[in-house]
Amino acid sequence: EAQVTQNPRYLITVTGKKLTVTCSQNMNHEYMSWYRQDPGLGLRQIYYSMNVEVTDKGDVPEGYKVSRKEKRNFPLILESPSPNQTSLYFCASRKTGQPYGYTFGSGTRLTVV
Amino acid sequence: GENVEQHPSTLSVQEGDSAVIKCTYSDSASNYFPWYKQELGKGPQLIIDIRSNVGEKKDQRIAVTLNKTAKHFSLHITETQPEDSAVYFCAAPNSPLTGSARQLTFGSGTQLTVLP
């Protein structure tokens with residue numbers, strides 16, 4: 001089944017403890033992206049990647065890092081999480097030639113206390 | 001960059017009635033307008049999209065209309081059913097600040113509740 005897989009689905013952590021949210025897609029998509037969803041703010045883009053070793057900032061990149069060493073994986077790294085990073089996170093992917101036909105993962109609910 | 005405003009933020013309708021969600025955008029160069037449906041506990045899923053060279057597109061009970069002059073587009077759901085209850089997002093491509101590819105800017109979402 002074609003899909004984007006995120007792990008974990010739920011995570012509670014403490015301020016300052018580094019964490020990684022994994023994202024993997026099995027559709028051979030070149031483009032991958034991370035979004036955060038907050039009430040009343042919709043989906044805001046954190047980082048995106050056009051292909052392996054090519055990443056760029058989205059609208060809200062502060063406090064986040066990403067890497068794209070393999071085509072299928074695009075992990076989101078929070079080096080020192082803070083409570084304002086408590087949110088619902090989504091990974092998405094698409095083929096470069098298909099404008100905006102994103103496939104989203106099921107989401108990761110992160111709580112930073 | 002693109003600014004997408006979506007209204008209403010919540011919408012309740014009786015089963016069988018129609019629902020309309022509206023979005024406005026700011027970038028006149030935008031040429032593609034998708035709508036996503038997010039069911040509880042799931043990621044958003046593309047349900048319909050429209051390109052700027054057409055004014056309306058239908059897919060069974062769902063339709064999207066586009067007014068390029070006024071820079072707004074709308075989602076219409078007819079004969080609503082309980083399974084239509086979800087959060088709906090509109091989106092539009094933003095203008096890249098550099099040579100990178102255009103990204104999607106999403107609206108703030110509409111929680112649609114269909115009452116049985």
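Just above, that's the structure.
Caption draft 1: Focus on a nonpolar patch on the surface. All names here are of chain A. Judged by side-chain polarity, Ile 12, Val 14 and Val 113 come together as a nonpolar surface patch covering roughly 310 Å² of accessible area. Its place among the elements puts Ile 12 in strand S2 (residues 10-13). Owing to a relative accessible area of 68%, Ile 12 belongs among the exposed residues under this scheme.

Caption draft 2: Local environment of the pattern of salt bridges. For the structure on display, the rule yields 10 salt bridges over all chains. Where Asp 38 of chain A meets Arg 36 of chain A, a salt bridge forms, and the shortest distance between an N and an O atom there is 2.8 Å. For Arg 36 of chain A, a relative accessible area of 9% corresponds to the buried category. A salt bridge links Asp 49 of chain B to Lys 57 of chain B; its shortest N-O distance comes to 3.0 Å. Each member of the salt-bridge network shares a partner with another, and the members are Lys 18, Lys 65 and Glu 79 of chain A.

Caption draft 3: Geometry of the sheet that holds strand S8 (residues 76-78) of chain A. All names here are of chain A. Taken together, the four strands give an open sheet; going across it, the order is S1-S3-S8-S7, and neighbouring strands pair in antiparallel fashion. Strands with a single pairing partner mark the edges of an open sheet, and in this sheet they are strand S1 (4-7) and strand S7 (65-66). Note that S7 and S8 share two bridges and pair antiparallel. Bridge pairing links Val 66 to Leu 76 in S8.

Caption draft 4: Quick peek at the sheet that holds strand S8 (residues 72-77) of chain B. All names here are of chain B. Pairing within the open sheet is antiparallel, and its five strands lie in the order S1-S3-S8-S7-S6. Only two strands of the sheet have a single neighbouring strand rather than two, namely strand S1 (4-7) and strand S6 (56-59). Strand after strand, the sheet turns through a mean of 15° between neighbouring axes, direction not considered. Of the pairings in the sheet, the one linking strand S7 (residues 62-67) to S8 comprises six bridges and is antiparallel in character. Paired with Asn 67 across the bridge in S8 is His 72.

Caption draft 5: Local environment of the interface of chain B and chain A. On the chain A side, the residues contacting the 20 residues of chain B number 22 residues. Between chain B and chain A the total buried area reaches about 1600 Å² when both faces are included, carbon and sulfur atoms providing 54% of it. Together, Pro 44, Gln 103 and Phe 106 of chain B form the three largest contributors to the area buried by chain B at its contact with chain A, with a combined 30%. If you look at where chain B meets chain A, you find three residue pairs in polar contact (both at pLDDT 80 or more).

Caption draft 6: Quick look at the packing of aromatic side chains. Across all of its chains, the model carries 16 aromatic pairs over all chains by this definition. Ring geometry for Tyr 35 of chain A and Tyr 102 of chain A: centres 6.3 Å apart, planes at 50°, overall tilted. Taken as a pair, Tyr 35 of chain A in strand S4 (residues 31-38) and Tyr 102 of chain A in the loop between strand S9 (87-94) and strand S10 (103-104) lie far apart in primary sequence, 67 residues in all. In this structure, Tyr 35 of chain A and Tyr 102 of chain A share a single accessibility class: buried. Plain terms: the ring middles of Phe 33 of chain B and Phe 73 of chain B are 4.8 Å apart, the flat faces sit at 45° to each other, and that makes the pair tilted. One end of the pair, Phe 33 of chain B, is in strand S4 (residues 32-38); the other, Phe 73 of chain B, is in strand S8, and 40 residues separate them in sequence. Note on accessibility: Phe 33 of chain B and Phe 73 of chain B belong to one class, buried. In textbook terms, an aromatic cluster arises when at least three aromatic residues are bridged by ring pairs, as seen for Tyr 31, Tyr 35, Tyr 48, Phe 90, Tyr 102 and Phe 104 of chain A together with Tyr 36, Phe 89 and Phe 106 of chain B. Note that Arg 94 of chain A overlies the ring of Tyr 31 of chain A, its terminal NZ or CZ placed 4.3 Å from the centroid.

Analysis parameters
- Residues numbered from 1 in each chain as written.
- Chains lettered and ligands numbered in written order.
- Predicted model: local features only at pLDDT ≥ 70, side-chain atom pairs only at ≥ 80, totals over all residues.
- Heavy atoms only, no water.
- Patch = residues over 30% accessible without salt bridge, like charges linked within 9 Å, V, L, I, M, F, W, Y side chains within 5 Å.
- Areas by Shrake-Rupley, 256 points an atom, 1.4 Å probe, with all protein chains shown as cover.
- Salt bridge = Lys/Arg side-chain N within 4 Å of Asp/Glu carboxyl O.
- Helix = DSSP H or I, 4+ residues; strand = E, 2+ residues; numbered from the N terminus.
- Buried < 20%, exposed > 50% of the residue type's maximum accessible area, 1.4 Å probe, protein only.
- Pairing = 2+ DSSP bridges.
- Axes fitted to C-alpha atoms, helices over the stretch in contact; angles between N-to-C directions.
- Contact = heavy atoms within 4.5 Å.
- Buried area = accessible area lost by both parts, 1.4 Å probe.
- Polar contact = N/O pair within 3.5 Å; in protein donor to acceptor, adjacent residues only side chain to side chain.
- Phe/Tyr/Trp six-rings, centres within 6.5 Å; stacked < 30°, edge-to-face > 60°.
- Lys NZ or Arg CZ within 6 Å of the ring centre and 35° of its normal.

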